[in-house]
Amino acid sequence: MGKPSSNTVNNITTTASSSPKTAKTLDELSFYIAQLEAKNTALSQQVSQLQTQNSFLHTLIDNIPIAMFVKNSRDNFRITEWNKAAENIFEVPKETVIGKTTHDLWPKEQADLFLADDQRVADKQHLLEIKEEHCQTQSRGTMLLHTKKVPIINPHDGKTDFLLGICEDITEQKLTKIRNESRTKVLSLIMDDAPINHILATIVSDIESAHAPILCSILLLDDDGIHLSVASAPSLPKFYTDAVHGEAIGAQAGSCGTAAYLKKRVIVADIQTDPLWQNYKELAAMAHIGSCWSEPILNSNGEILGTFAMYHHCPYTPTHHDIETVASSAQLAALALERKRSED
């Protein structure tokens, strides 16, 4: 069979290209491709819009002044969002918590409580409001939080996808309220001419109940102006109060003896390493006292009446809330003592 001539090939090609059916197929294919390109462009625009919206949402959440976090309820409540306010309140950076569970970040006892609340919100799919929630931090001690946990429900299967947490630090608000209530109570006792020992004991017990596990004491300067006597220290061990009762004030006489001697606040964050407690650190260890900050109780003439002290079982640096509390308590004790002594 011979090779086809060039005329034959041209005829076949011309016939094929001019076929109506082939032309229609090519037009449909071109139209289909154009449709795909249009859809692709629309999808790209939608993706871009979603990315912009997502970026805006992340920025908004990150800069809201109230602590917010999100947990994935389908993955052991692992944290997926953690804004700047949460970093500040909990003192844990975002990069540390993302992808972690509650038990990865908090002590077991506290984590168990958090997880139980999370699971209840996810199962019952109802908002949970915790009006006062205690949370331990590294530098600010125990905080009080007003917390809300909200379930984010999947519209397709009706199950909880995520849990949104919103936390507000109400520590200052709560402590201010407690201090004002305590002050009102003590002033009422003063006006009613209650025994001074009862008034001082009330100051101590009110502060201890609001600041657990912190312990408190009031020591009064004896008439000789040299020694301190225990006036109220209900939560300190008796062997400890017996040992410090009647001790002399001085430049290295623990927190209280030194505060009385210098007439200024003394803060000892670690009793076992601080020279002010050199003669008392073994006694403190036996009493499980790790730190102590003491405020002098001064009368209106600046004369020393005694000291108000707060103690922690562990080495601990007092927060500004603790400092405000010890200062206001010493002032309240001074008011009661001056009133009593003016009557005597």
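Cut-offs applied
Residues numbered from 1 in each chain as written. Predicted model: local features only at pLDDT ≥ 70, side-chain atom pairs only at ≥ 80, totals over all residues. Heavy atoms only, no water. Phe/Tyr/Trp six-rings, centres within 6.5 Å; stacked < 30°, edge-to-face > 60°. Buried < 20%, exposed > 50% of the residue type's maximum accessible area, 1.4 Å probe, protein only. Core = buried A, V, L, I, M, F, W, Y, C linked by side-chain atoms within 4.5 Å. Helix = DSSP H or I, 4+ residues; strand = E, 2+ residues; numbered from the N terminus. Contact = heavy atoms within 4.5 Å. pLDDT = per-residue confidence, 0-100. Pairing = 2+ DSSP bridges.

(A) Here's a closer look at the packing of aromatic side chains. Under the definition given, this model contains 8 aromatic pairs. On the basis of an interplanar angle of 80° and a centroid distance of 6.3 Å, the ring pair of tryptophan 277 and tyrosine 280 is categorised as edge-to-face. Here tryptophan 277 matches tyrosine 280 in class, with each residue buried. Among the aromatic side chains, those forming a connected cluster through ring pairs are Phe69, Trp82, Phe90, Trp106 and Phe114.

(B) Local environment of the nonpolar core. In terms of nonpolar packing, the biggest core is built from 28 residues, with Ile199, Leu200, Ile203, Ile218, Ile297, Phe308 and Met310 touching the most fellow members. Breaking this core down by element, the ones donating at least two residues are helix H7 (171-191), helix H8 (196-210), strand E6 (215-221), strand E10 (291-298), strand E11 (304-312) and helix H12 (320-343). The contacts of isoleucine 297, once residues within four sequence positions are left out, are Ile218, Glu303, Ile304, Leu305, Gly306, Thr307, Phe308, Ala330, Ala333, Ala334 and Leu337. One finds Leu221, Val244, Ile289 and Cys292 within the second-largest nonpolar core, a separate group that totals 26 residues.

(C) Inspection of the confidence of the model for the protein at higher detail. Mean pLDDT over the protein: 88, with 92% of residues reaching 70 or higher. The low-confidence segment residues 1-18 (pLDDT under 50) makes 1 contact with residues lying over four places distant or belonging to another chain.

(D) Main features of the pairing of E10. Of all 8 residues in E10, 7 are buried, a share of seventy percent or more. One ladder, built from 3 bridges, connects strand E9 (residues 266-268) with E10; its direction is antiparallel. Across the sheet, residue valine 266 finds its bridge partner in E10, namely serine 294. With 8 bridges connecting them, E10 and E11 associate as antiparallel partners. Opposite cysteine 292, over in E11, you have tyrosine 311 as the bridge partner. Between E10 and E11, which pair antiparallel one after the other, the connecting turn spans 5 residues, and glycine 302 there sits at a positive phi close to 80°.

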